[in-house]
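Chains, contacts and geometry: an overview
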Amino acid sequence: MIEKNYQPADIETRMSRLWEDAGAFRAGRPERRDAKPFTIVIPPPNVTGSLHMGHALNNTLQDILCRFERMRGRDVLWQPGTDHAGIATQMVVERQLTERQEHRRQIGRAKFLERVWQWKAESGGVIVNQLKRLGASCDWSRERFTMDEGLSRALIKVFVALHRDGLIYKDKRLVNWDPKLLTAISDLEVQQVEVKGSLWYLRYPLEGKTFNPEDSSTFIVVATTRPETMLGDTAVAVHPDDERYAALVGKHVILPLVGRKIPIVADEYSDPEKGSGAVKVTPAHDFNDFEIGRRHNLPQISVLDQEGCLALAGNEDYLRGLPEGSAQLVEEFDRVERFAARKRIVARLEDFGFVERIEPNTHAVPHGDRSGAVIEPYLTDQWYVDAKTLAQPAISAVRSGATAFVPKNWEKTYFEWMENIQPWCISRQLWWGHQIPAWYGPDGKVFVAETEEEAVGNALGYYAEQEVITQEQGREMALDPAKRADFIKRDEDVLDTWFSSALWPFSTLGWPDDDTDVKRYYPTDVLVTGWDIIFFWVARMMMMGLHFMKEAPFSIVYIHRLVRDEKGAKMSKSKGNVIDPLGVIDDYGADALRFALARGAAHSHDIKLSSQLVETNRNFATKLWNACRFAEMNGCAMPPEFDPARAKETLNRWIAHETSRATREVTEAIEAYRFNDAANAIYRFVWNVYCDWYLELAKPVLMGEDGAPKTETRAMVAWARDEILKLLHPFMPFITEELWAVTSKRDGLLALAPWSRKADPLTPEQLALMATASPNDALLPPVLSALDTADFSDSAAEAEIGWVVDLVTAIRSVRAEMNIPPATLTPLVLAGASAETRERAQRWNDVIRRMARLGDISFAASAPEGAVQLLVRGEVAALPLKGVIDLSAEKARLDKEIAKADADIKRVDAKLGNEKFVANAPEEIVEEEKEKREAAVARKAKILEALERLKNAA
């Protein structure tokens, strides 16, 4: 028996246990051994993470696909796992050490890693349990971790293979350097923060001229936001078409304070419209300057150290070629923190007249998303992947259609990134992560190997051959690790976490140790992810999958939009508008949250989420619950032999028709990844069609005398309910599984039940064959089979019940527009009605009068005077309102509503027509104004329709 009240918390706990005990989500179930596989790999959340709304959306959409395909009979593998999250995890454990007044370097690498693994064992599974609360139907028995032994072996094999092929190498380039964490970080870990700073205009003296701040012919002005890096300048750049500086190109300036002679070069990067049109070039401290330096073969002089302090003493690159008398500058600024150095350098420049002016300047400054420190472009030796070479097959795979993006417009973003790809920095100066499998000899020679034994053997063999060591020394070191410890050392750096996650689609399947699952489940079918990691993750999985598996890792890449707050603003802790999915689940249940997200998951716009929206979907769940209780209380059950195709009652044939249509809409929408269309189709069907119309129209039968109509209606109510539970299960798994268990009275889980059969309309060719084929035609059985695929389309039933629904709906709309009190019963005149319509009106007279609040229904050749006329399926239905309402007063009221709508439109147009408002207002505020305008325009259109009806009535 169904409980009186819907209590999601109780249901969710019970259903989760039921699924787990049954092994419902295991891939490779015995009964599906021969089924076609369907594979999705979960974007592995950070092991340090906690479920946020982005996770909730992403995993809800994946779960919809997995449950849908599982019900369609596929052998579904939804591969779960977590990412070791190098920086994030190391920071968590380092904070714990700080609380104990310890530091990782005090306890050493081995002990530190022990602490990290201990933390992972104690706290690393939080997000997995949270995903289970959401209802994620992963095969949890296969959960993987990017640092587990199997995945680590895969990573080492890949690194060694790529290095052997020349696709991994070491190079000195600029990286995003975090001076607080002392490591390189990826672009994704950099946040651009708007900062109110300054733009300094500095005078650089021209070589061969006596500098005079009053004489502009003796210097060139450069503009910079970072005067502290000027000590590392190696050129001044101007645009080749800038006539102001054409005569100076090829000449030199003398670097202020330093005295170094540096050239003036022509480069298109310099913008004549920005600042002075001339820029200082510091290849070792700016990404754009680095490229300018490469184009013009400029020296790279790094003047900052890893901690963001000036590093001048002992800096050969800086000291080389300096004029005499520069030692004082070294003593004054060496080891000074960069921002303190900025102030002191500007002060010195001002003392000598080198500062022309200073302007306030708001600009974006990169910050580390973990440390909060200002990121420094830093020149350092790192390991790189030749991404440009690996990108070519990945580009071709998308161009050829082997992999497609949904929506397709994201392919443009993919191509833009891939066709302008730079070398991928894969080394990180951390301890937690996959240590790079490279060892260095005493002369710095690198030996890359899958194991230490192999690397040591290669190194000792090489140095013995070079006669650096004797054969005897080589044997001793091979046998005694202590003796070789100072001779050959392993690289201390670890690999970027994106490197390990790039292997996720095949490393999680057992590669390279066992290819059994690789053969069955690779390539995967679809990847569901956000746009922000198309480059960082999607592209890299494409590159690695194609290189090592010779096949793209997925057929479809579905890119979903963001979840924002109810006003359209991006959620952030600083704004205080973050919606906690776990709190929402506590308040409304996981099904309500999932359905709210699915209904909003359109291709074209972000999701605006609010507690009110989730509550609306919780109300929907309650509506479904109550409908199932109503069916149960009225003895609605489906006998095993019941066939909806044999229903005789028009109402029952109609609901079979509507169920068939809903099945087609939901199925086709999910297949096209239009999750919002699928969810809204089932919402409309359940709330409007099944509950508001079918059950209401069926009540007189269900509560009437026993007989064939009642028996059939009871069975049909139960059949349609079961079809609803199937269609809704991928979206709202907990409540549907509970109701299925209580009402179906048969063994088996809904999660493993067959999907509602899709009612495909016949093609024109099939229809033609049906009309001309003889009973013995060999081509006829497939067509009859297609016709029998549960397509319960019934045009006659739809014409009759659809007419009742449309008529009542139109009358209710007019009553609402005209403010007719609910207690007032209005007459209805069917003008010029056909014989068929008269018969329908007589059959459904009581129902129409009750549901439309009518007095009586009559027939006439034409509409009476003073009646509001409605066109319902091509025929006129008239509501005589003279004497029922004051038509002139109602017209005056509607005129006021029109004026109010016009005022709203005018007010919004004034705002949107203000360029300053559009440019400066937050994006979500501008969007909100646009929505206000759309709502006002729609409201006005509706009022105009009502006015037109009144005019006709008058």
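So, here is what we can say about the structure in this document. Please read all numbers here as calculations on a predicted model, not as lab measurements.

1. Description of the packing of aromatic side chains
One pass over the full model with this rule turns up 40 aromatic pairs. Geometrically, the ring pair formed by Phe-68 and Trp-755 is edge-to-face, given 4.9 Å between the ring centres and 90° between the ring planes. Residue Phe-68 is located in helix α2 (residues 53-71), and its partner Trp-755 is located in the loop between α26 (733-743) and α27 (764-772); the two are separated by 687 residues in the primary sequence. The exposure classification of Phe-68 matches that of Trp-755, with both residues buried. Consider the rings of Trp-117 and Phe-145, whose centres lie 5.8 Å apart with planes at 80°: the pair is edge-to-face. Placement of Trp-117 in helix α4 (residues 104-123) and of Phe-145 in strand β4 (residues 144-145) is noted, with a sequence separation of 28 residues between them. Ring pairing ties together the aromatic residues Phe-595, Phe-620, Tyr-683, Trp-687 and Phe-731, which thus form one cluster. Above the ring of Tyr-201, the side-chain terminus of Arg-357 is found at 3.6 Å from the ring centroid. It is Lys-445 that lies over the ring of Phe-447; its NZ or CZ is 5.7 Å from the centre.

2. Examining the environment of Leu-460
Summarising the element assignment, Leu-460 is placed in helix α13 (residues 452-465). Residue classification places Leu-460 among the buried positions, given a relative accessible area of 7%. Spatially, the C-alpha atoms of Leu-460 and Trp-19 are 57 Å apart, while their sequence positions differ by 441 residues. Beyond its immediate chain neighbours, meaning those up to four positions away, Leu-460 contacts Ile-469, Gly-474, Met-477, Ala-478 and Phe-487.

3. So, helix α20 (residues 581-588)
A turn of α-helix holds 3.6 residues, and therefore any two residues three or four places apart point the same way. Within the span of α20, buried status applies to Pro-581, Leu-582, Val-584, Ile-585 and Tyr-588. Angularly, the buried residues of α20 cover 160° about the axis, an arc narrow enough to put them on a single face. Exposed side of α20, more than 90 degrees from the buried face: Asp-586 and Asp-587 are the residues found there. Packed against the buried residues of α20 are α1 (8-22), α2, α5 (126-134), α21 (590-600) and α22 (611-633).

4. So, the side chain of His-285
Inspection of the secondary structure assignment puts His-285 in the loop between β12 (278-281) and α7 (287-296). Accessibility expressed as a relative area gives 2% for His-285, which makes it buried. With residues near it in sequence (within four places) discarded, His-285 still touches Leu-174, Arg-226, Thr-229, Ile-301, Ser-302, Val-303, Leu-304, Glu-376 and Pro-377.

5. A few points about the nonpolar core
Counting 211 residues, the largest nonpolar core has Tyr-414, Phe-499, Met-544, Leu-593, Trp-654, Tyr-690 and Phe-731 as its most contacted members. If one sorts the elements of this core by residue count, helix α24 (residues 675-702) sits on top with 17 residues. Beyond its immediate stretch of four places on either side in the chain, Trp-654 contacts Val-689, Trp-693, Tyr-694, Ala-797, Glu-798, Ile-801, Gly-802 and Val-805. If you look at the next biggest cluster of nonpolar residues, it comprises 36 residues, including Leu-257, Val-258, Ala-278 and Tyr-318.

6. Things to note about empty space enclosed by the protein
All chains considered together, the criterion is met by 2 cavities of 30 Å³ or more. In this structure, the largest cavity encloses a volume near 50 Å³. Taken together, Ala-24, Phe-25, Arg-26, Arg-29, Arg-32, Arg-70, Arg-74, Asp-75 and Val-76 make up the full set of residues lining the largest cavity. Counting residues per element, the lining of the second largest cavity draws most heavily on strand β29 (residues 875-880), which supplies 3 residues. In terms of residue class, the lining of the second largest cavity is built from 6 nonpolar, 1 polar and 1 charged.

7. Focus: the environment of Asp-215
Mapping Asp-215 onto the fold places it in the loop between β7 (190-205) and β8 (219-224). A relative accessible area of 30% means that Asp-215 is categorised as partly exposed. For Asp-215 and Ala-796, which are 581 residues apart along the polypeptide, the C-alpha to C-alpha distance reads 95 Å. At 2.7 Å, the side chain of Asp-215 forms a polar contact with the side chain of Ser-217.

8. Observations regarding the packing of helix α11 (residues 387-399) against helix α12 (residues 410-419)
Contact pair α11 / α12: the axes reach a minimum separation of 10 Å and the direction vectors enclose 160°. Here α11 is positioned roughly antiparallel relative to α12, judged by the angle of their axes. Every pair of crossing elements has a handedness; the one defined by α11 and α12 is left-handed. Here α11 contributes Ala-391, Ala-394, Ile-395, Val-398 and Arg-399 to the contact with α12, which in turn contributes Glu-411, Tyr-414, Phe-415, Met-418 and Glu-419. A breakdown of the residues in the contact of α11 with α12 according to their chemical character gives 7 nonpolar, no polar and 3 charged.

Calculation rules
- Residues numbered from 1 in each chain as written.
- Predicted model: local features only at pLDDT ≥ 70, side-chain atom pairs only at ≥ 80, totals over all residues.
- Heavy atoms only, no water.
- Phe/Tyr/Trp six-rings, centres within 6.5 Å; stacked < 30°, edge-to-face > 60°.
- Helix = DSSP H or I, 4+ residues; strand = E, 2+ residues; numbered from the N terminus.
- Buried < 20%, exposed > 50% of the residue type's maximum accessible area, 1.4 Å probe, protein only.
- Lys NZ or Arg CZ within 6 Å of the ring centre and 35° of its normal.
- Contact = heavy atoms within 4.5 Å.
- Arc of directions from axis to C-beta.
- Core = buried A, V, L, I, M, F, W, Y, C linked by side-chain atoms within 4.5 Å.
- 1 Å grid on protein atoms, 1.4 Å probe; cavity = no way out; pocket = protein on both sides within 12 Å on 5 of 7 lines; lining within 4 Å.
- Points joined across faces, edges and corners; volume = space filled by probe spheres on them.
- Nonpolar A, V, L, I, M, F, W, Y, C, P; charged D, E, K, R; others polar.
- Polar contact = N/O pair within 3.5 Å; in protein donor to acceptor, adjacent residues only side chain to side chain.
- Axes fitted to C-alpha atoms, helices over the stretch in contact; angles between N-to-C directions.
- Parallel < 35°, antiparallel > 145°, perpendicular 65-115°, else oblique.
- Left-handed = near helix turned anticlockwise from the far one by under 90°.

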